[in-house]
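Letter by letter, the chains look like this.
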Amino acid sequence: MDTGKYVFLFSDCVPVKGAAASAIYDLTRGRISTFPSEYYPFLASFREQRLGELLDALSEDDRAGFLEFLEFLVANEYVCVLDDSGAFPELPSGWDAPGVIHNAIIDVDAQHHDYGKLVSELDALGCQHLQLRSYSPRFGVSELAALARLCHGTSIQTLQAILVHDPTLSDDDYAAVVTGNRILGSLIVHSANEDRRITVDRGTRGSSAALTVVEIELTTKRLESHLDCGTITTGELLVPSTPTFTELRHFNGCLNRKISVDASGHVRNCPAMAKSFGHHADLTLSAIAAQAGFQAAWRARKDEIAVCRDCPYRYACTDCRA
């Protein structure tokens, strides 16, 4: 490796400092690699010093560790060696979205809501993603099909549903609601008698078939209320991308531009949060979303949260801990 050149960390490979371990987010390949935080300062030095200058400043023992770290970067194609990195600007760090609200949750238990009113108001806010969570048989596949029809032609692009298992329905009944409503991107059926999946092929053939297959997940786990939400594991981490990474650097990954209607009809940032901003029958969602107090939770960045700010995975975590 030419020691007279600069080591260039590709602009879409973004370093994130942690306590014991730091990480590199590969935003194009959608992966995260961790490394000891003692090597993090070198990443900033790459733009300022040539490789030979970096090596000359190190002791023999430190040089061996640095070269091993450099091999790790090269092997993962995070860096290349060039004469001048000035021609390669850093990625813009800002984030924005077209709608006032990006995603919404509606919980259903002992009573129904005015779904037509809610969908219309979510459309006015530019909401793109809606999740319906049902904790009782009151909201089943027929109600889900009706909700999907209400979403047709609105800003809502995807509908995810979590329903309680109905033992009177067959696999074909569940598959039919997914097949007949293309907006349904996910269906989870809780309180089932066994853990299994139903694969629904929406009819596409050839190389694109895998893109249109939907799996209905049946789980024996029982969801009794909004308090069953909030598990954080490495398996729950988001696949890193430029939009998600930049959003999570500036905003809360779970609450940003989210609005929720709990089972009793109260509007909250999340159904699991204590503060209600009013009942959806009395106020429009637009009026609630415009309140400064409602938007304050959006800006609860992980860099300002003691338990999160030293974690190298903080920009891939939805931080669902309301």
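What comes next is a walk through the structure. Only a predicted model underlies this, so the values are computations on that prediction, with no experimental measurement involved.

Conventions we followed
- Residue positions are counted from 1 within each chain, in the order its sequence is given.
- Given that the model is predicted, a residue must reach a pLDDT of at least 70 before its local features are reported, and side-chain atom pairs must reach 80 or more before they are shown or counted; all residues, however, enter totals for whole chains, interfaces and linings.
- Calculated side-chain values reflect all of the structure's heavy atoms, with hydrogen atoms and water omitted.
- To define a nonpolar core, start from buried Ala, Val, Leu, Ile, Met, Phe, Trp, Tyr and Cys residues and group those joined through side-chain atoms within 4.5 Å.
- Only protein chains enter the accessibility calculation, which uses a 1.4 Å probe. A residue is then buried if its area is under 20% of the maximum for its type, exposed if over 50%, and partly exposed in between.
- When checking whether two residues touch, look at their non-hydrogen atoms; a contact exists if any pair is within 4.5 Å.
- Strands here mean DSSP runs of E at least two residues long; helices mean DSSP runs of H or I at least four residues long; both are numbered from the N terminus.
- A pair of strands is labelled paired if DSSP reports no fewer than 2 bridges between them.
- Call a crossover right-handed when, viewed with both strands pointing away from you, the route from the first strand across the helix to the second goes clockwise.
- Between N-to-C directions, angles span 0 to 180 degrees; the directions come from axes that are lines fitted to C-alpha atoms, helices contributing only their stretch in contact.
- The patches described consist of residues with a relative accessible area above 30% and no salt bridge, like charges being joined within 9 Å and nonpolar side chains (Val, Leu, Ile, Met, Phe, Trp, Tyr) within 5 Å.
- Each accessible area is a Shrake-Rupley result for a 1.4 Å probe, and residues are judged covered by the shown protein chains and nothing else.
- Definition used for salt bridges: Asp or Glu carboxyl oxygen within 4 Å of a side-chain nitrogen of Lys or Arg.
- For the purpose of charge, His is not counted, nor are the chain termini; Lys and Arg are scored as positive and Asp and Glu as negative.
- Where a charge sits is defined by one atom per residue type, namely NZ (Lys), CZ (Arg), CG (Asp) or CD (Glu).
- Classification of ring pairs uses Phe, Tyr and Trp, with its six-membered ring standing for Trp, and accepts pairs whose centres are within 6.5 Å; under 30 degrees between planes counts as stacked, over 60 as edge-to-face, and the remaining range as tilted.
- Only lysine NZ and arginine CZ atoms are considered, and such an atom sits over a ring when it is within 6 Å of the ring centre and within 35 degrees of the ring normal.
- Expected span of a helix: the number of residues minus one, times 1.5 Å.
- This arc describes the spread of directions from the helix axis toward the C-beta atoms.

## Comments concerning the nonpolar core
At step 1: Residues L130, L144, L187, I216 and I259 are the most contacted members of the largest nonpolar core, which totals 46 residues.
At step 2: If sequence neighbours within four positions are ignored, L130 has contacts with A104, I105, I106, L122, L147, C151, I156, T158, L159 and Q160.
At step 3: In terms of nonpolar packing, the next biggest core, distinct from the first, is built from 19 residues, V7, Y39, F42 and L58 among them.

## Side note on the pairing of strand β9 (residues 184-190)
At step 1: β9 sits mainly inside the fold: five of its seven residues count as buried.
At step 2: Bridge count between strand β8 (residues 158-164) and β9: six bridges; the pairing is parallel. Opposite A161, over in β9, you have L187 as the bridge partner.
At step 3: The parallel pair β8 and β9 is bridged by helix α6 (residues 171-179), and the resulting crossover is right-handed.
At step 4: Where β9 and strand β11 (residues 213-218) come together, three bridges link them in parallel fashion. If you follow I188 over to β11, its bridge partner there is E217.

## Considerations on the sheet that holds strand β3 (residues 21-26)
At step 1: Judged by pairing direction, the sheet is antiparallel, and its three strands sit side by side in the order β2-β3-β4 without closing on themselves. Each edge of the open sheet is held by one strand with a lone partner, namely β2 (13-16) and β4 (31-36). Neighbouring strand axes in the sheet, compared pairwise and without regard to direction, differ in orientation by 25° on average.

## Focus: the sheet that holds strand β12 (residues 258-261)
At step 1: Pairing within the open sheet is mixed, and its eight strands lie in the order β10-β11-β9-β8-β7-β6-β12-β13. Both outer strands of the open sheet, β10 (196-201) and β13 (267-268), are each paired with one neighbouring strand and no more.
At step 2: Along the sheet face, helix α4 (residues 115-124) touches β6 (103-108), β7 (129-134) and β12 and points at about 170° away from the line of β6.

## Digging into the environment of K117
At step 1: Looking at the element boundaries, K117 is found in helix α4.
At step 2: When the C-alpha positions of K117 and Q49 are compared, they lie 60 Å apart, and in sequence the two are 68 residues distant.
At step 3: Aside from chain neighbours lying at most four places away, what touches K117 is H280 and L283.

## A closer look at a negative patch on the surface
At step 1: On the surface, a cluster of negative charge is contributed by E38, E60, D61 and D62.
At step 2: Mapping D61 onto the fold places it in helix α3 (residues 60-75).

## Overview of the pattern of salt bridges
At step 1: One pass over the full model with this rule turns up 16 salt bridges.
At step 2: Note that E224 and R222 form a salt bridge whose closest N and O atoms lie 3.6 Å from each other.
At step 3: For R222, a relative accessible area of 42% gives the class partly exposed.
At step 4: Across the pair R314 and D303 runs a salt bridge whose closest N-O atoms are separated by 2.9 Å. Linking R314 in the segment after α10 (292-295) with D303 in the segment after α10, this pair joins segments that are 11 residues apart in sequence.
At step 5: R314 gets classed as buried once you look at its relative accessible area, which sits at 8%.

## Here we look at the packing of aromatic side chains
At step 1: Using the criterion set out here, one finds 17 aromatic pairs in the structure.
At step 2: Seen from their ring centres, F35 and F69 are 5.1 Å apart, and the 45° between their planes marks the pair as tilted. Of this pair, F35 sits in strand β4 while F69 sits in helix α3, placing them 34 residues apart in sequence.
At step 3: F35 sits in the buried class, given a relative accessible area of 4%.
At step 4: One aromatic cluster in this structure is built from F35, Y39, F42, F46, F66, F69, F72 and Y78.
At step 5: Lying across the ring of F277, K275 places its NZ or CZ 5.0 Å from the centre.

## Quick look at α3
At 3.6 residues per turn, the α-helix brings residues three or four places apart onto the same side.
At step 1: Its 16 residues place the ends of α3 23 Å apart at the C-alpha level, agreeing with the 22 Å of an ideal helix rising 1.5 Å per residue.
At step 2: Within the sequence span of α3, burial applies to G65, F66, F69, L70 and L73. Projected down its long axis, α3 shows its buried positions confined to an angular sector of 145°, all on one face. Exposed positions of α3 whose direction lies more than 90 degrees from the buried face are E60, D61, E68, E71 and A75.
At step 3: For α3, the elements touching its buried residues are β1 (6-9), β3, β4, α1 (40-45), α2 (51-56) and β5 (79-82).
At step 4: E77 lies just past α3 and shows a positive phi near 60°.

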